[in-house]
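# Chains, contacts and geometry: an overview
Here's the letter readout for the chains.
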Amino acid sequence: MRKNFILDTNVLLHDPRSIYSFKEHNVIIPIYVIEEIDQFKRDLSELGRNARLVARYLDSFREEGSLKDGVRLPHGGVLRVCFTDRELPLSMADSNLMDNRILSVAIDLMEREPQSPAVFITKDTNLRIRADALGLIAEDYDAERVEITELYTGFTERLVSREMVDQMYKPGAEVELSGQDSLSPHQFVLLKDETNPSHTAMGRFNASRGRVVPLLRGMKSEGVWGIRPRNMEQSFALDLLMNDEIKLVTIVGKAGTGKTLLAIAAGLHKVTEEGVYQKLLVSRPVFPLGRDIGYLPGTLEEKMNPWMQPIFDNVEFLMNLSRADKKAGRGYHELIDLGLMEIEALTYIRGRSIPNQYIIIDEAQNLTPHEVKTIITRVGDNTKIILTGDPFQIDNPYVDATNNGLVHVVNRFKNERIAGHITMAKGERSALAELAANLL
C-alpha cells in the first residue's frame with residue numbers, strides 16, 4: 001500500500017536528500033516547511049547549506065511539472081507541496097504557529113486520502129508526541145540509524161586449540177580460522193585456548209592475506225612516545241594507529257579510555273621518530289561547526305586555544321615536562337614552532353587538500369555525516385586520519401548517538417580494507433574517572 005510521508009522542516013535540514021528516501025511512497029512537503037527553510041538560506045552554517053540544497057532540489061522538480069499536482073520521484077512515488085485552511089483545535093494548538101500548520105496539513109491528508117496512510121516524519125520528539133495525540137502516525141527520520149548497542153566493535157573472541165594459540169607467539173606467525181569469512185578487515189580476535197581460557201593470544205584479521213596475524217611487535221615493551229598500552233583495547237588501538245597500511249581509524253570509547261592520548265602519541269611517533277608523515281594536524285569541532293570564531297580576541301591560534309586546550313594537555317603530558325620546564329616557558333608550542341604539529345579549525349577545512357600528514361579529529365561524535373564526509377575527502381596522498389569520540393557525549397542538537405558522523409563512518413567503513421575500528425570500554429584515566437563514567 002502506497003503511503004503519504006509528510007516531512008517536517010528539521011528532516012529536510014538534517015538530510016536534504018530525504019526526499020529520495022521513501023522508495024515508491026509519496027512525499028508531501030507542507031508549504032509552511034518551505035517558509036521555515038527560507039529563513040536559513042543565508043546562513044553560512046551547515047543548516048544554511050542544506051536549506052539552499054533543498055531549494056535547488058525542489059526547483060529542479062518544479063521544472064518537471066506542477067508541485068501542487070505532484071511530480072514523479074525516481075522510485076515511483078510522487079512529490080507534492082501542500083497547504084490547508086484547516087485549523088487545529090484550540091486545546092491542541094501551541095504557540096508555534098508553523099508547527100500547528102504543518103500538523104494541520106498532515107491531518108488534512110489523513111482524512112482526505114484514507115486509501116494512502118499518512119505518516120508524519122519529524123526529528124522533533126515533542127512534535128511526534130503531539131502528532132500521536134492528534135491521531136497521526138508519527139516517526140523519527142534516520143536514513144542509516146545504527147543503535148549504539150549494535151555498533152560494530154572491531155573485536156571478537158574465538159575458542160581455538162592450544163597449538164593455535166602457541167603458534168601466534170612464533171616469529172612470522174599467522175593462522176587460519178574456521179569461519180573467518182565472517183570477520184571484517186582488520187577486525188581484532190582474541191584467541192582463547194579451549195582447554196584453558198586464560199591461555200590467550202591477540203591477533204588481527206588481515207583480509208588481503210586471509211589470515212589472523214599477531215599485533216605489531218614492540219609496543220608493549222618499548223612503548224610509543226613513552227606510552228604503553230594498559231589493557232587489551234589500548235593494544236588494539238595502538239596497532240591500528242601505528243599501521244601505515246590503514247589510512248582511516250575510528251576509535252569509539254567513553255571518557256578516560258585513552259582515545260585521544262594514544263592517537264596523539266602515535267601521531268608524534270610517526271612524525272618525529274619514523275618520519276612517515278611531515279606533520280601532525282589536530283582539530284576538534286568548534287561547536288557548532290561552521291560558525292565563525294571571530295568573536296574571540298587575537299590571532300587564529302589564540303582563538304583556537306580554548307577549544308584545543310584538551311589536546312594541549314595531552315601533548316604536554318607526553319612531553320613529560322617538569323614544573324621547572326613549564327616555568328621556563330616550555331610547552332606544546334615548541335612542536336608548533338618546529339612545524340611538527342598544526343592546529344586546524346574545521347570551519348575552514350573545505351576546499352583543502354592535505355597530503356603527507358597524520359590527522360586527528362577529536363570529539364568527532366559532534367559532527368554530522370556530511371561534515372565528516374567533507375573532512376575525510378580532504379585527505380591527500382600518504383595521509384592518515386583518525387576519528388575519536390564518545391557517542392554518549394554529544395553537544396550538537398542536530399545529531400544523536402545513533403546518527404552522528406562518527407557512528408556513520410564506523411558503519412560505512414567496517415568492511416573496507418583501508419580502514420580499522422575499535423570500541424574501547426575500559427577507562428584508565430583514574431579510578432574516580434572510571435567510577436564517574438559508569439555511575440553518573
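Here the structure is a predicted model, which is why all the values come from computation and not from measurement. (Residues numbered from 1 in each chain as written. Predicted model: local features only at pLDDT ≥ 70, side-chain atom pairs only at ≥ 80, totals over all residues. Heavy atoms only, no water.)

## Structural notes on the nonpolar core
The criterion, for reference: What is meant by a nonpolar core is a set of buried Ala, Val, Leu, Ile, Met, Phe, Trp, Tyr and Cys residues, joined one to another through side-chain atoms within 4.5 Å. Burial here depends on accessible area, computed with a 1.4 Å probe over protein chains only, as a share of the maximum for the residue type. Under 20% is buried, over 50% is exposed, and the range in between is partly exposed. Any two residues whose heavy atoms approach within 4.5 Å at even a single point are treated as in contact.
Membership of the largest hydrophobic core comes to 44 residues, with the highest contact counts inside it found for L12, I19, I29, L79, L103, F120 and I121. Excluding its chain neighbours within four sequence positions, the residues that come into contact with L79 are I19, V27, I29, L58, F61, L67, G70, V71 and L73. In terms of nonpolar packing, the next biggest core, distinct from the first, is built from 42 residues, L238, V249, L280 and F312 among them.

## As for unusual backbone geometry
Worth spelling out the cut-off: Only DSSP runs of H or I covering at least 4 residues are called helices, and only runs of E covering at least 2 are called strands; the numbering of each starts at the N terminus.
Despite not being glycine, H186 has its phi angle at roughly 65 degrees, a positive value. Looking at the secondary structure, you find H186 in the loop between α6 (162-167) and β8 (188-193). Given the relative accessible area of 5%, H186 is considered buried. Phi at N382 is positive, roughly 55 degrees, even though this residue is not glycine.

## With respect to the sheet that holds β8
The cut-off we apply is this: Paired strands are those between which DSSP finds at least two bridges. The angle between two axes is taken between their N-to-C directions and runs from 0 to 180 degrees, where each axis is a line fitted to C-alpha atoms and a helix contributes only its stretch in contact.
In space, the four strands of this open sheet follow the order β7-β8-β9-β10, with mixed pairing throughout. If you trace the sheet from one side to the other, it starts and ends with β7 (155-160) and β10 (211-214), each paired once. Between one strand and the next, the sheet's axes are offset by a mean angle of 40 degrees, whatever the strand orientation. Relative to β8, β7 runs parallel, the two being bridged by six bridges.

## Structural notes on the pairing of strand β11 (residues 248-253)
Side chains on a regular strand alternate between the two faces of the sheet. The buried fraction of β11 amounts to six of the six residues, a majority that puts the element mostly inside the structure. Neither face of β11 is left uncovered, since the one carrying L248, T250 and V252 and the one carrying V249, I251 and G253 both have all their residues buried. Bridge analysis of β11 against strand β15 (residues 384-389) gives five bridges, and the strand direction is parallel. Across the sheet, L248 pairs through a bridge with I385, a residue of β15. Examined bridge by bridge, β11 and strand β16 (residues 419-424) share six bridges and lie parallel to one another.

## Here we look at the sheet that holds β15
Across a sheet, strands are paired by hydrogen bonds formed along the backbone, either parallel or antiparallel in direction. An order of β13-β12-β14-β15-β11-β16 is seen for the six strands of this open sheet, with the pairing classed as parallel. Strands at the two margins of the open sheet, each flanked by one partner only, are β13 (341-343) and β16. Within the sheet, the average angular offset between the axes of one strand and its neighbour, ignoring direction, is 15 degrees. When strand β14 (residues 357-361) meets β15, the two strands line up parallel, connected through four bridges. Note that in β15 the partner of Y358 across the bridge is K384. Where helix α9 (residues 259-273) meets the sheet, it contacts β11, β12 (279-283), β14, β15 and β16, and its direction lies at approximately 170 degrees from that of β14. Along the sheet, helix α14 (residues 405-413) contacts β11, β15 and β16; its crossing angle with β11, the most-contacted strand, is approximately 125 degrees.

## Brief notes about the environment of L338
Following the sequence through the fold, L338 ends up in the loop between α12 (333-337) and β13. Distance from L338 to T374, taken between C-alpha atoms, is 28 Å for residues 36 residues apart in sequence.

## Examining the side chain of S184
We apply this condition: What qualifies as a polar contact is a pair of N or O atoms within 3.5 Å, subject to a donor-acceptor requirement within protein and to the restriction that residues adjacent in sequence count only when both atoms come from side chains.
Mapped onto the elements, S184 comes out in the loop between α6 and β8. With relative accessibility at 8%, the residue S184 sits in the buried group. For S184, the side chain forms a polar contact with the side chain of N415, separated by 3.4 Å. In this structure S184 touches Y152, F205, K414 and N415, once residues within four positions along its chain are discounted.

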